[in-house]
Amino acid sequence: MYIDPTSGSLVLQIVAAAALSAVAMMTRAREAAKSLGRSLVSRIRRWTGAR
Amino acid sequence: MDGRPLDSSYRDPSGFVFTRSGVLYRQINRVFADEFEAVTGSGLYDELARQGLLIPHRSVSLDHAATSQAAAVVQPDPIRFISYPYEWCFSQLRDGALLTLEVQERALVRGITLRDASAYNIQFQGGRPIFIDTLSFERRKEGAPWAAYRQFCEHFVVPLALMSRVDVQLGALLRTHLEGIPLELGARLLGRRSWGSLGLLFHVQLHAAAQRRYRDRPPSATTSRAVTAQTLIGLVRSLRGLIARLVWQPRGTVWAEYATDNTYTAQAAASKRDLVMAMLRGGAVREVWDLGANTGEYSRAARTTAEHVVAFDVDPAAVERNYLRVRAEAERGILPLLIDLANPSPALGWAHRERFSLEQRGPADALLALALVHHLAIGHNLPLERIAGYFARLGRRLVIEFVPKSDAQVQRMLRSRPDIFPGYTREGFEAAFRTCFRIDEVQPVLGSERLLYAMTAVDQTSPAAP
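Residues numbered from 1 in each chain as written. Chains lettered and ligands numbered in written order. Predicted model: local features only at pLDDT ≥ 70, side-chain atom pairs only at ≥ 80, totals over all residues. Heavy atoms only, no water.

Asker: Before we move on, could you go through the overall build of chain B and cite the residues and values that matter?
Answerer: Helix and strand counts for chain B come out as 15 helices and 15 strands. In terms of overall dimensions, chain B is globule-like: its C-alpha atoms have a radius of gyration of 24 Å, near the 23 Å expected for 466 residues. C-alpha extents for chain B along the principal axes are approximately 75 × 55 × 40 Å. For chain B, the residues scored as buried account for 55% of the 466 residues in total. (Helix = DSSP H or I, 4+ residues; strand = E, 2+ residues; numbered from the N terminus. Rg over C-alpha atoms; globule rule 2.2 N^0.38 Å. Buried < 20%, exposed > 50% of the residue type's maximum accessible area, 1.4 Å probe, protein only.)

Asker: Explain the interface of chain B and chain A to me, using residue names and the numbers behind them.
Answerer: Contacts between chain B and chain A engage 29 residues on the former and 18 residues on the latter. Across the chain B to chain A interface the summed buried area is about 2,000 Å²; carbon plus sulfur atoms make up 72%. In this assembly, chain B and chain A are joined by 0 salt bridges. Between chain B and chain A we count 4 residue pairs in polar contact (both at pLDDT 80 or more) in total. Listing elements by their share of the side of chain B that touches chain A, those giving two or more residues are helix 4 (149-165), helix 7 (198-214) and helix 8 (229-245) of chain B. (Contact = heavy atoms within 4.5 Å. Buried area = accessible area lost by both parts, 1.4 Å probe. Salt bridge = Lys/Arg side-chain N within 4 Å of Asp/Glu carboxyl O. Polar contact = N/O pair within 3.5 Å; in protein donor to acceptor, adjacent residues only side chain to side chain.)

Asker: Can you tell me about the environment of Arg355(B), naming the residues and giving the values?
Answerer: Residue and element names in this part refer to chain B. In this fold, Arg355 is placed in the loop between strand 11 (334-338) and strand 12 (364-369). Each C-alpha atom, one on Arg355 and one on Gln27, is 20 Å from the other, the two residues being 328 residues apart in sequence. The residues touching Arg355, leaving out its near neighbours within four places in the chain, are Ser8, Tyr84, Tyr86, Tyr120, Leu178, Pro346, Ala347, Leu348 and Gln360.

Asker: With reference to specific residues and values, describe the pattern of salt bridges.
Answerer: Residues and elements named next belong to chain B. Overall, the coordinates contain 35 salt bridges over all chains when judged by the stated rule. Lys405 serves as the salt-bridge partner of Asp419, at 3.0 Å between the closest nitrogen and oxygen. Of this pair, Asp419 sits in the loop between helix 14 (408-414) and helix 15 (426-433) while Lys405 is found in the loop between strand 13 (395-402) and helix 14, placing the two residues 14 residues apart along the sequence. Relative accessible area serves as the criterion here: at 44%, Asp419 is assigned to the partly exposed category. Overlapping salt bridges bring together Glu47, Glu102, Glu105, Arg106, Arg110, Arg237 and Arg240 as one network.

Asker: Just give me the short version of the packing of aromatic side chains, but keep the residues and values in it.
Answerer: Here a ring pair, both rings aromatic, is described through the centre-centre distance and the interplanar angle of the planes. Residues and elements named next belong to chain B. Counting across every chain of the model gives 20 aromatic pairs over all chains. Considering the side-chain rings of Trp289 and Phe312, the 5.6 Å spacing of their centres and the 80 degrees angle between planes classify their relative orientation as edge-to-face. Here Phe312 lies in strand 10 (residues 308-313) and Trp289 lies in strand 9 (residues 287-291), a separation of 23 residues in the sequence. You can call Trp289 buried: its relative accessible area is 0%. Measuring from centroid to centroid gives 5.1 Å for Phe429 and Tyr453, while their planes differ by 55 degrees, and the two rings are tilted. Here Phe429 is found in helix 15, whereas its partner Tyr453 is found in strand 15 (residues 451-457), with 24 residues between them in sequence. (Phe/Tyr/Trp six-rings, centres within 6.5 Å; stacked < 30°, edge-to-face > 60°.)

Asker: Run through the side chain of Arg150(B), naming residues and quoting values.
Answerer: Among the secondary structure elements, Arg150(B) is positioned in helix 4. What makes Arg150(B) buried here is its relative accessible area of 14%. Among the polar contacts listed, one links the side chain of Arg150(B) to the backbone oxygen of Asp4(A), at a separation of 2.7 Å.

Asker: Which residues make up the nonpolar core, and what values do they have?
Answerer: Residues and elements named next belong to chain B. Counting 118 residues, the largest nonpolar core has Phe137, Trp146, Trp289, Phe391, Ile400 and Phe433 as the members making the most contacts within it. Here this core gets 10 residues from one element, more than from any other, and that element is helix 4. Once you skip the residues sitting within four places of it in the chain, Phe433 turns out to touch Leu384, Ile387, Ala388, Phe391, Leu398, Ile400 and Met455. Grouped together as the second largest cluster of nonpolar side chains are 24 residues, Tyr258, Ala269, Ala306 and Val399 included. (Core = buried A, V, L, I, M, F, W, Y, C linked by side-chain atoms within 4.5 Å.)

Asker: Tell me about the sheet that holds strand 15 of chain B, residues and numbers included.
Answerer: Residues and elements named next belong to chain B. The strand order 11-10-9-12-13-15-14 describes an open sheet built from 7 strands, whose pairing is mixed. Both edges of this open sheet fall to strand 11 and strand 14 (437-444), since each of them pairs with a single strand only. Within the sheet, the average angular offset between the axes of one strand and its neighbour, ignoring direction, is 20 degrees. Both strand 10 and strand 11 contribute to a ladder of 5 bridges, which runs parallel. Residue pairing in the sheet places Asp313 in a bridge with Leu338 of strand 11. Along the sheet face, helix 13 (residues 384-394) touches strand 9, strand 12, strand 13, strand 14 and strand 15 and points at about 140 degrees away from the line of strand 13. (Pairing = 2+ DSSP bridges. Axes fitted to C-alpha atoms, helices over the stretch in contact; angles between N-to-C directions.)

Asker: Explain the sheet that holds strand 3 (residues 57-60) of chain B to me, and be specific about the residues and the numbers.
Answerer: Residues and elements named next belong to chain B. Spatially, 4 strands are ordered 1-2-4-3 in an open sheet, and the strand pairing comes out antiparallel. Every interior strand has two partners, whereas the edge strands, strand 1 (15-20) and strand 3, have only one. Neighbouring strand axes in the sheet, compared pairwise and without regard to direction, differ in orientation by 35 degrees on average. Across 6 bridges, the pairing between strand 1 and strand 2 (residues 23-29) is antiparallel.

Asker: Could you give me a rundown of the side chain of Arg393(B), with the residues and numbers involved?
Answerer: Along the chain, the position of Arg393(B) falls in helix 13. Residue classification places Arg393(B) among the buried positions, given a relative accessible area of 18%.

Asker: Pulling in residues and values, what's your account of the packing of helix 4 of chain B against helix 8 of chain B?
Answerer: Residues and elements named next belong to chain B. Contact geometry of helix 4 with helix 8 gives a least axis separation of 11 Å together with a crossing angle of 15 degrees. The pairing of helix 4 with helix 8 is recorded here as roughly parallel in orientation. The interaxial crossing formed by helix 4 with helix 8 has left-handed handedness. The residues of helix 8 that touch helix 4, namely those facing Tyr149, Phe152, Cys153, Val157 and Leu160, are Leu235, Leu239, Leu242 and Ile243. Residues that form the contact of helix 4 with helix 8 fall into these classes: 9 nonpolar, no polar and no charged. (Parallel < 35°, antiparallel > 145°, perpendicular 65-115°, else oblique. Left-handed = near helix turned anticlockwise from the far one by under 90°. Nonpolar A, V, L, I, M, F, W, Y, C, P; charged D, E, K, R; others polar.)

Asker: Break down helix 7 of chain B for me, citing the residues and quoting the values.
Answerer: Residue and element names in this part refer to chain B. An ideal rise of 1.5 Å per residue puts 24 Å on 17 residues; helix 7 measures up with 22 Å between its terminal C-alpha atoms. At Leu206, helix 7 shows its largest bend, some 30 degrees. Here helix 7 has its buried residues at Gly199, Leu200, Leu201, His203, Val204, His207, Ala208, Ala210 and Gln211. (Expected span 1.5 Å × (residues − 1). Bend = angle between axes of the 7 residues up to and from the residue.)

Function cannot be read off these values alone, since they describe shape.
Below, the structure written as structure tokens:
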């Protein structure tokens, strides 16, 4: 790179990217937990219905 | 000088721009050969040029090279008239910012990134902004943040925010800050005006705070797995959203309403327009500079005769309105620019050679100086001989309107000050301009006491010049 990006600018981007990654990961985890919960509820209902 | 880099093209070791026999070339040095080949092979140049976003260029043989360091030489299409960010109105700078972001996003999709985001990478051609620096691109390294983010904020975000939120005249800071308005200065000037905008808080205030925090304590790492192409595209879109929300209404300035609020009747204005067009005909007039163009009414009249018209005015709202019309109507031959003729753009930058003065970008084939000379002579106390001398250096032919003291506009100017202008008469005007021009024709402007002159410069090195 031939221009000076300055440390502060690089750090800000890294922090923002890390924060966005964390938010994205938590969103994915929440969606996965919801999906697992719906699947379990559905299985329990089928099992109790069959009995 | 043939083969010598242009004085504005010295910062980047990857290459430079030079001329040979009046033709512009760009040399790519061997240190950058791999990157240039990779970017060329990605198809990015073709895509951007096809969409009118990047100045087209063609490869030429290495025989054209300026030095032995050359790996390749390209010949870009020439720009009709070079202008600078401090001469652009609000929307021109904003469109330049949006173009830069568009280019960066398209580059990121192909694994490429902009190495710099200077406003000087943008020029105006055919009424639209265009990216001109072919060497601004390189392959993106995994985990690397955008190195040009700070530069983009200082060249575009800060000045646009100041013009939008504080005062449009703060765009003039770009003339004293060729490297962009520093983030910390912008943050201080914006102050509480940033608080209503998450974008300004992040890209200006927090950015400036991070600069201060890490100025003397560089971080241990400057790459991160979290920084992906997607997160950088997210950064670009965040900047785009911020720029799109920065607006300025072109009103409230001294000359904003002049086009509809002046002393001309419709018939007089039409007669003046016909006279101007007639006076410009009958000569090889390819480029016209309209000095004091306001919103460009007479620039458009001149455009019917000339290939290209540069329309200068000192009023930000007038230039803004002119540009918005150029953009809305896709006009290709008119370039509105912000220039104060009493203090025109000087030569700037290292050794006064990086950015050309207004005069160095001439001479024009013809000048229009309509409803102008009284502002310079009476409003700025400029002797008529000096005005004549400067105009003779700016253009080969001149269509100029003499506004006598009896005119309502001049009377208004003299209302609150003593009349110290005994030489400001028709005779004095003609005598002053005859020092540098031949008067070819004089016509009265219908419905007024104003006179329209057609003149030809007879001495480009007039001793009357300051």
